[in-house]
Amino acid sequence: MTFSTETSAPLVVIAGITGKQGGSVARALLESVKPYRIRGLTRDITKPAAQKFAIAGVQLVAVALTVGNEDGARAAFAGADVVFAVTNFNEHIDKEREVAEGKLMVDAAKAVDVKLFIWSALEPFGTLSQGRIPDVLFFDSKAEITAYAKSSGIPLAIVQAGYYATNIFDGVPYSLKAQPDGSFAYRLPMAGTTRVPLIDVEVDYGLYVRAAIELPALGAGSEVLSGRLISLNEIIADLAEVTGKEIVYSQIDRAPFVEAFPFQPLALTIADMCQAYEEIGYYGSKLPSSEDILARKPKSWREFLKATPKDGFPVEIRPA
Ligand SMILES: NC(=O)c1ccc[n+]([C@@H]2O[C@H](COP(=O)([O-])OP(=O)(O)OC[C@H]3O[C@@H](n4cnc5c(N)ncnc54)[C@H](OP(=O)(O)O)[C@@H]3O)[C@@H](O)[C@H]2O)c1
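All values reported here derive from a predicted model rather than from experimental measurement.

With that settled, consider the overall build of the protein chain. From N to C terminus, the protein chain includes 11 helices and 13 strands. Here the C-alpha atoms of the protein chain give a radius of gyration of 20 Å, agreeing with the 20 Å that 2.2 N^0.38 yields for 320 residues. If you line up the protein chain on its principal axes, its C-alpha atoms span 60 × 45 × 35 Å. Sorting the 320 residues of the protein chain into buried and exposed places 54% on the buried side. If you take every contact in the protein chain between residues at least 6 apart in sequence, the share linking residues at least 24 apart comes to 76%. Here the protein chain displays about 14000 Å² of accessible surface, and carbon together with sulfur accounts for 52% of that area.

Right, dumping it as structure tokens:
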């Protein structure tokens, strides 16, 4: 399967095509019966993650979507019918930089008059908590970009990304930890009954973006919330059952969690994130979007576990 080259096919520009969300968007549009032209943005078009999309007919464009390169951003977005935008806080853990890069994409999309700007937003926990939970930097930054996009008047659709299923295993400092006795522990400062909208982001996030593009009821002015709600207790119980291993979820107190956090610059942010998930909800008082809007059913947590096992887990679990 390859993308269209017909100029009648809408041009979708995907920021972060080499990443989890952007790659997922490209794959979901490739699965569609509707024709699309795709331009994928990356700072390095020689990356294997970029080149595999070139084979599928993606036009790769090298661009740094960073402050100072406004002209480059506008050129990369030129001619787009749809822009998918995501910012990557994890690369620099700098809230102001994330906000600036998000605003830069909004400005560039507005300058080239896109018909739809799809933004991977998150909730404003600082505001929703009335300042009680001030440190969930990568949520508040994305919410600030949302507010800017709304005030710019750009045709905006929001597609929030759920809690990555991969977070349970790796990629974040608060993942599952192997214990000396052979068991595994998942310890966070929030109740086990707290629910998160879990998603196999690389496989399923793009489906929600595709719905925002293709469904007449969505498009500009809509908000789509991805993932399926599941509690931490259920996540761990299913994991223990599928893998046959001893795995325990325990809620730990905030202070020892912060003190022992392996990457101190994010200790308060992650502690606040857990507090916000428990007290406010990942999507605030909103629920994930109905899966009926999707072109196919997303993976359940159990299906995710069965699809990519390594010794019972999707990846090797490191010791505490
Ligand atoms: N972990 C979770 O549960 C979760 C849930 C919801 C939202 N999020 C958010 O997801 C975001 C990360 O998205 P992801 O998972 O798709 O990230 P990822 O897999 O690390 O990919 C990041 C992508 O962004 C591109 N990129 C980053 N900075 C860029 C720049 N200055 N100019 C051009 N391209 C740039 C990278 O391109 P190149 O490197 O190829 O240039 C890459 O394609 C974070 O902001 C995080 O807060 C995470």
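Attention now goes to the packing of helix α3 (residues 70–77) against helix α4 (residues 95–111). The geometry of α3 relative to α4 is characterised by a closest axis approach of 9 Å and an angle of 50 degrees between their N-to-C directions. One finds that α3 runs oblique with respect to α4. Crossing angle aside, the handedness with which α3 passes α4 is right-handed. In contact with Glu70, Ala73, Arg74 and Phe77 of α3, α4 contributes Leu104, Met105, Ala108, Ala109 and Ala111. Its residues placed into classes, the contact of α3 with α4 shows seven nonpolar, no polar and two charged.

Right, let's talk about the site of the ligand for a bit. The immediate surroundings of the ligand are formed by 29 residues, with Thr18, Thr42, Lys47, Thr87 and Tyr164 found nearest. With respect to the ligand, the side chain of Thr18 contributes an N or O atom lying 2.5 Å from an oxygen atom. Between the ligand and Leu65, the relevant distance is 2.8 Å, taken from a nitrogen atom to a main-chain nitrogen or oxygen of the residue. Breaking the shell around the ligand down by element, the ones donating at least two residues are α1 (20–30), α4, α6 (137–152) and β7 (163–164). Within the shell around the ligand, the residues separate by chemical class into 12 nonpolar, 10 polar and seven charged.

A separate point is the UniProt feature "domain: NmrA-like" (unreviewed entry) in the protein chain. In the UniProt entry, the feature "domain: NmrA-like" (unreviewed entry) is given for residues 11–305. In residues 11–305, helix accounts for 39% and strand for 18%; the two terminal C-alpha atoms are 35 Å from one another.

All right, on to the pattern of salt bridges then. Overall, the coordinates contain 18 salt bridges when judged by the stated rule. For the salt bridge of Asp200 with Lys299, the shortest nitrogen-to-oxygen distance reads 2.8 Å. Here Asp200, found in the loop between β10 (195–199) and α7 (201–214), pairs with Lys299, found in the loop between α10 (267–279) and α11 (301–307); they are 99 residues apart in sequence, far enough to count as distant. Its relative accessible area of 10% is what places Asp200 among the buried residues. Judged by relative accessible area, Lys299 falls into the partly exposed class, the value being 27%.

A word on the packing of aromatic side chains. Evaluation of the coordinates by the stated rule reveals 15 aromatic pairs. Measuring from centroid to centroid gives 5.3 Å for Phe257 and Phe261, while their planes differ by 55 degrees, and the two rings are tilted. Each member of the pair, Phe257 as well as Phe261, carries the same accessibility label: buried. Aromatic rings pair up to connect Phe89, Phe125, Phe138, Phe139, Tyr163, Tyr277, Tyr282 and Tyr283 into one cluster.

Before going further, it helps to examine unusual backbone geometry. Positive phi values are uncommon outside glycine, yet Asp113 reaches one of about 65 degrees. Tracing the chain through its elements places Asp113 in the loop between α4 and β5 (116–119). Despite not being glycine, Gln130 shows a phi value in the positive range, around 50 degrees. Note that Gln130 resides in the loop between α5 (125–128) and α6. Note on Gln130: relative accessible area 75%, which makes it exposed.

Right, let's get into the packing of α6 against α10. Running from N to C, α6 and α10 point in directions that differ by 70 degrees, and their axes come no closer than 9 Å. The pairing of α6 with α10 is recorded here as roughly perpendicular in orientation. Across from Leu137, Phe138 and Phe139 in α6, the residues of α10 making contact are Thr269, Ile270, Met273 and Tyr277. Tallied by class, the residues present in the contact of α6 with α10 amount to six nonpolar, one polar and no charged.

Further remarks concern the environment of Ala108. By secondary structure assignment, the location of Ala108 is in helix α4. Ala108 sits in the buried class, given a relative accessible area of 2%. Sequence separation between Ala108 and Arg132 is 24 residues; the distance between their C-alpha atoms is 34 Å. In this structure Ala108 touches Ala73, Arg74 and Phe77, once residues within four positions along its chain are discounted.

For the rest of this paragraph, the subject is the side chain of Asn167. Among the structural elements, Asn167 can be located in the loop between β7 and β8 (177–178). The buried category is assigned to Asn167, whose relative accessible area is 10%. The contact partners of Asn167, leaving out residues within four places of it in the chain, are Val172, Tyr174, Ser175 and Tyr186.

About the thresholds
Residues numbered from 1 in each chain as written. Predicted model: local features only at pLDDT ≥ 70, side-chain atom pairs only at ≥ 80, totals over all residues. Heavy atoms only, no water. Helix = DSSP H or I, 4+ residues; strand = E, 2+ residues; numbered from the N terminus. Rg over C-alpha atoms; globule rule 2.2 N^0.38 Å. Buried < 20%, exposed > 50% of the residue type's maximum accessible area, 1.4 Å probe, protein only. Contact = heavy atoms within 4.5 Å. Areas by Shrake-Rupley, 256 points an atom, 1.4 Å probe, with all protein chains shown as cover. Axes fitted to C-alpha atoms, helices over the stretch in contact; angles between N-to-C directions. Parallel < 35°, antiparallel > 145°, perpendicular 65-115°, else oblique. Left-handed = near helix turned anticlockwise from the far one by under 90°. Nonpolar A, V, L, I, M, F, W, Y, C, P; charged D, E, K, R; others polar. Near = heavy atom within 4 Å. Polar contact = N/O pair within 3.5 Å; in protein donor to acceptor, adjacent residues only side chain to side chain. UniProt positions renumbered as here; feature names shortened; annotations may be inferred. Salt bridge = Lys/Arg side-chain N within 4 Å of Asp/Glu carboxyl O. Phe/Tyr/Trp six-rings, centres within 6.5 Å; stacked < 30°, edge-to-face > 60°.

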